[in-house]
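Summary of structural features
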Amino acid sequence: MKPIIRIEGLSKVYASGFKALNDINLDIREGEIIALLGPNGAGKTTLISIVCGIVNASGGRVMIDGHDTVKDYRAARSLIGLVPQELATDAFETVTATMALSRGIFGKKPDRAFIEDVMKSLSLYDKKDEKIMALSGGMKRRVMIGKALAHEPKILFLDEPTAGVDVELRKDMWNVVRKLKASGVTIILTTHYIEEAEEMADRIAVINKGEIVLVEDKDVLMKKLGEKQLMLHLMQPLGAVPPSLAAYSLALNADGTLLTYTYDTRSESSDITQLLDALDSAGIEFRDLETRQSSLEEIFVNLVNSSQVAA
Amino acid sequence: MNIYAIRAIYAFEMARTFRTLVQSIVSPVISTSLYFIVFGGAIGSRITEIDGISYGAFLVPGLIMLSILTESISNGSFSIYFPRFIGTIYEVLSAPVSPFEIVVAYVGAAATKSIMIGSIILATASLFVPLEIRHPLTMLLFLVLTSITFSMFGFIIGIWATSWEKLSMIPTLIITPLTFLGGSFYSISVLPEFWQKVTLFNPVVYLVSGFRWSFYEISDVDVSTSLMMTGLFLVVCVAILHWIFRTGYRLKK
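Here we summarise the structure given alongside this text. (Residues numbered from 1 in each chain as written. Chains lettered and ligands numbered in written order. Predicted model: local features only at pLDDT ≥ 70, side-chain atom pairs only at ≥ 80, totals over all residues.)

Description of the overall build of chain A
Inclusion rule: Put simply, DSSP H or I for four residues or longer makes a helix, DSSP E for two residues or longer makes a strand, and each gets a number counted from the N terminus. Only C-alpha atoms enter the radius of gyration, while the globule expectation follows 2.2 Å times N to the 0.38, with N the number of residues. Throughout, a residue-residue contact means that the two C-beta atoms, derived from backbone geometry, are no farther apart than 7 Å.
Looking only at helices and strands, chain A has 10 helices and 14 strands in total. In terms of overall size, chain A is more extended than a compact globule, its C-alpha atoms giving a radius of gyration of 25 Å where 311 residues would be expected to give roughly 19 Å. For chain A, the spread of C-alpha atoms along the three principal axes comes to 80 × 45 × 35 Å. Partitioning the contacts of chain A with sequence separation of at least 6, the portion at a separation of at least 24 is 71%.

Quick notes on the overall build of chain B
The cut-off we apply is this: Buried, partly exposed and exposed are defined by the number of other C-beta atoms within 10 Å of a residue's own C-beta, namely 20 or more, between the two limits, and 12 or fewer respectively, with C-beta atoms placed from the backbone.
Within chain B one finds 10 helices and zero strands. Along the chain direction, N to C, the helices and strands of chain B fall in the order α-α-α-α-α-α-α-α-α-α. Taken against the 2.2 N^0.38 rule, which gives 18 Å for 253 residues, the C-alpha radius of gyration of chain B at 19 Å falls within 12% of a compact globule. Taking all 253 residues of chain B together, the buried fraction comes to 42%. Considering only contacts within chain B whose residues lie at least 6 apart along the sequence, 80% involve residues at least 24 apart.

Regarding the packing of helix α2 (residues 21–43) of chain B against helix α3 (residues 55–86) of chain B
When two helices pack together, you describe them by how their axes are tilted relative to each other and by the distance separating the axes. All names here are of chain B. Inclusion rule: All axes are obtained by fitting lines to C-alpha atoms, using only the stretch in contact for helices, and the reported angles, taken between N-to-C directions, cover 0 to 180 degrees. The cut-offs work like this: below 35 degrees is roughly parallel, past 145 is roughly antiparallel, 65 to 115 is roughly perpendicular, and the gaps in between are oblique. Throughout, a crossing is termed right-handed when the near helix is turned clockwise from the far one, and left-handed when it is turned anticlockwise from it by less than a right angle. Only Asp, Glu, Lys and Arg are considered charged, only Ala, Val, Leu, Ile, Met, Phe, Trp, Tyr, Cys and Pro nonpolar, and every remaining residue, Gly among them, polar.
Axis separation between α2 and α3 bottoms out at 10 Å; the angle between their running directions is 150°. The orientation of α2 with respect to α3, classified from their angle, is roughly antiparallel. For the element pair α2 and α3, the recorded crossing hand is right-handed. Listed contacts from α3 to P28, T32, Y35, F36, F39, G40 and G41 of α2 are Y55, G56, L59, L63, S67 and E71. Taken together, the residues of the contact of α2 with α3 sort by class into seven nonpolar, five polar and one charged.

Let's talk about the sheet that holds strand β1 (residues 5–13) of chain A
All names here are of chain A. Counted only if it meets this: We treat two strands as partners when DSSP finds at least two bridges between them.
Ordered in space as β2-β1-β4-β5, the four strands form an open sheet in which the pairing is antiparallel. The sheet terminates laterally at β2 (19–28) and β5 (67–68), the two strands that pair on one side only. Bridging between strand β4 (residues 59–64) and β5 involves two bridges; their strand directions are antiparallel. Considered in β5, the bridge of M63 is made with D68.

Quick look at the sheet that holds strand β7 (residues 155–159) of chain A
Residue and element names in this part refer to chain A. The strand order across the open sheet formed by six strands is β6-β7-β8-β3-β9-β10, and the pairing between neighbours is mixed. Since the sheet does not close on itself, it has two edges, and those belong to β6 (80–83) and β10 (211–217), each with one partner. Shown here is a sheet whose adjacent strand axes are inclined to one another by a mean of 15°, direction ignored. Pairing geometry for strand β3 (residues 33–37) and strand β8 (residues 186–191), over five bridges, is parallel. Bridge assignment links L37 to a residue of β8, and that residue is T191. Of the strands in this sheet, β6 and β7 touch helix α5 (residues 137–149), which is tilted by about 170° from β6. Packed onto the sheet, helix α6 (residues 167–182) meets β3, β7 and β8 and runs at close to 150° relative to β8.

Focus: unusual backbone geometry
Despite not being glycine, A:D23 has its phi angle at roughly 50°, a positive value. Topologically, A:D23 is positioned in strand β2. The phi dihedral of B:R250 is positive, around 65°, even though this residue is not glycine. Within the secondary structure layout, B:R250 lies in the segment after α10 (223–247).

Description of the environment of A:N175
All names here are of chain A. Along the chain, the position of N175 falls in helix α6. Taking the number of C-beta atoms within 10 Å as the measure of exposure, N175 has 11 and is therefore exposed. Spatially, the C-alpha atom of N175 lies 9.5 Å from that of M200, the residues being 25 residues apart in sequence.

Quick look at the interface of chain B and chain A
Each partner contributes to the interface: chain B provides 22 residues, whereas chain A provides 29 residues. Of all the elements in the fold, those that place two or more residues in the side of chain B that touches chain A are α1 (3–19) and α4 (89–94) of chain B. Class assignment for the residues of the side of chain B that touches chain A results in 13 nonpolar, five polar and four charged.

Description of the pairing of β1(A)
Successive side chains on a regular strand alternate, one facing one side of the sheet and the next facing the other. Residues and elements named next belong to chain A. Examined bridge by bridge, β1 and β2 share six bridges and lie antiparallel to one another. Bridge pairing in β2 links R6 to D27. The turn linking β1 back onto β2 is made up of five residues, and G17 within it adopts a positive phi angle of 95°. Bridging between β1 and β4 involves five bridges; their strand directions are antiparallel. When the sheet's bridge partners are listed, S11 is paired in β4 with G59.

Observations regarding the pairing of strand β14 (residues 286–293) of chain A
Residue and element names in this part refer to chain A. Across the eight residues of β14, zero count as buried, placing the element largely on the outside. The sheet contact formed by strand β11 (residues 227–234) and β14 spans seven bridges and is antiparallel. The residue bridging M231 from the neighbouring strand is E290, located in β14.

Some remarks on the nonpolar core
What counts, and what does not: In plain words, the nonpolar core is the set of buried Ala, Val, Leu, Ile, Met, Phe, Trp, Tyr and Cys residues that C-beta atoms within 7 Å link up.
Membership of the largest hydrophobic core comes to 133 residues, with the highest contact counts inside it found for A:A35, A:I105, A:F157, A:A205 and B:Y106. Among all residues touching A:I105, those that are not within four sequence positions of it are B:A5, B:A8, B:I9, B:E91, B:V92, B:A95 and B:V97.

Quick look at the packing of α3(B) against helix α7 (residues 164–180) of chain B
Residue and element names in this part refer to chain B. Where α3 contacts α7, the two axes come as close as 11 Å, and the packing angle between them is 165°. By the criterion of interaxial angle, the relationship of α3 to α7 is roughly antiparallel. Regarding α3 and α7, the two cross each other, and that crossing is right-handed. Taking contact as the criterion, the partners of L66, L69, T70, I73, S74, S77 and Y81 in α3 are, on α7, L167, P171, I175 and T179. By residue class, the composition of the contact of α3 with α7 is seven nonpolar, four polar and no charged.

Quick word on α10(B)
Residues and elements named next belong to chain B. Rules: To estimate how far a helix should extend, the number of its residues minus one is multiplied by 1.5 Å.
Compared with the 36 Å implied by 1.5 Å per residue over 25 residues, the 37 Å span of α10 between its first and last C-alpha is a close match. Along α10, the residues classified as buried are S226, T230, C237 and L241. Looking at the packing, one finds that the buried side of α10 touches α5 (99–128), α6 (136–160) and α9 (203–216). Once α10 ends, the next one or two residues include G248, with phi positive near 75°.

Okay, here's the thing in structure tokens:
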């Protein structure tokens, strides 16, 4: 399938000499939710800002639905809605006025009914005539999303949408995002909350120090996540795994005191009972056992650390 | 052409004007009325006629120009500095609008407000002094051209400024002195010859002189020269804006 966003060899060096992005290549599929996951300062916001036209790239290019974001910026930008990280709102304007402005700027004919629908979907309708400065932080965040949706974008960028947002609003936002996805909108979400990526995304791209470290379907990542390990601390060190246990995926540590069994928690049976029976038959005794499961967080931290070591 | 964008930005900017009606319109009218009372009435009655025109009437074009220059620069600069300051500029930068459309919308709204204020001051002035406008079309041309040019100049200042202090620096340190020394309150023919020549380097002289000519057919410099100088300043502003948007100066990192 043709990607709706194609990022090719994108790099950014700021005037200060800071290299924010280094040769980013990424295809984003139409209709998916992709989470850009990375620590603070990884380059997530710079990447989004270049795609949306707020920051100039130093090299490479971005195509939106076949339109170059520089040469054919009108066609490219009209497809995009952006919810930036910072709460930047026209404090003295009403919710309706600021949303009407957003719709107009993006070249859409005024449509009061549509704007009201967007407000309703964000539970903003009863605040429509209020000045933005009178709203709470969470409500302002909704207004920012409303502004981005006011011009019916095909692609929505959410830069840290739930940073500093309470649990209830976070759940609300996730629901809005799900509805948008169902209506065919492609969503790019940056976050450093792994939980958010896990909950929402179809795919996850991990970005660190201006480079994409990994792009993977969430399910594949979750499969790695589904892997669990049973660790058996043996009474007597083993020289090697006995042939009678070859059927199990077992690993023995260097000094032969720790036997590790890796299994999938989501498969029908984990064969743990059989393994324990087999160990008993082989006369292997253990003094302790523990299980561990790698979380997405752990995968993420490992990735980020290994990319730092490589750099 | 993204007409909806121009309309939306223009309407949004004008809405602010009407929301802050007292600050936007009433205060310049009051301050100008004070000028008329003090200079036109109290002091003006002791000043002899200039080129056959009473001092009060002579003041009117200069005072309107003074207000238009100040208002255009302040509106033009605020309209773009404020979104930069509060961060809402992201939306304009990420929207499918061309620099031309952005300038037309913001500068258009700032200039509209200046023209409105100029017209209101003109109407107010007619209450204090007998007015005649011999060349209404030329008057209108100067009014519109000056409003657009100086709103554009203000827009440039609004992009250049990185603090509120800088935003008011050029109007206070450069424009106000140039306006006061540009023949708003006197004919430059009253100056010693040397200073008359120096004054010709002040662009405001041409604006005030041309504008005054459209009222009373008296001017310090030839009206076509005035028009040319105003046009020249407009071209300079357009060139600077062209450069700003081409390089992303102060707008894009």
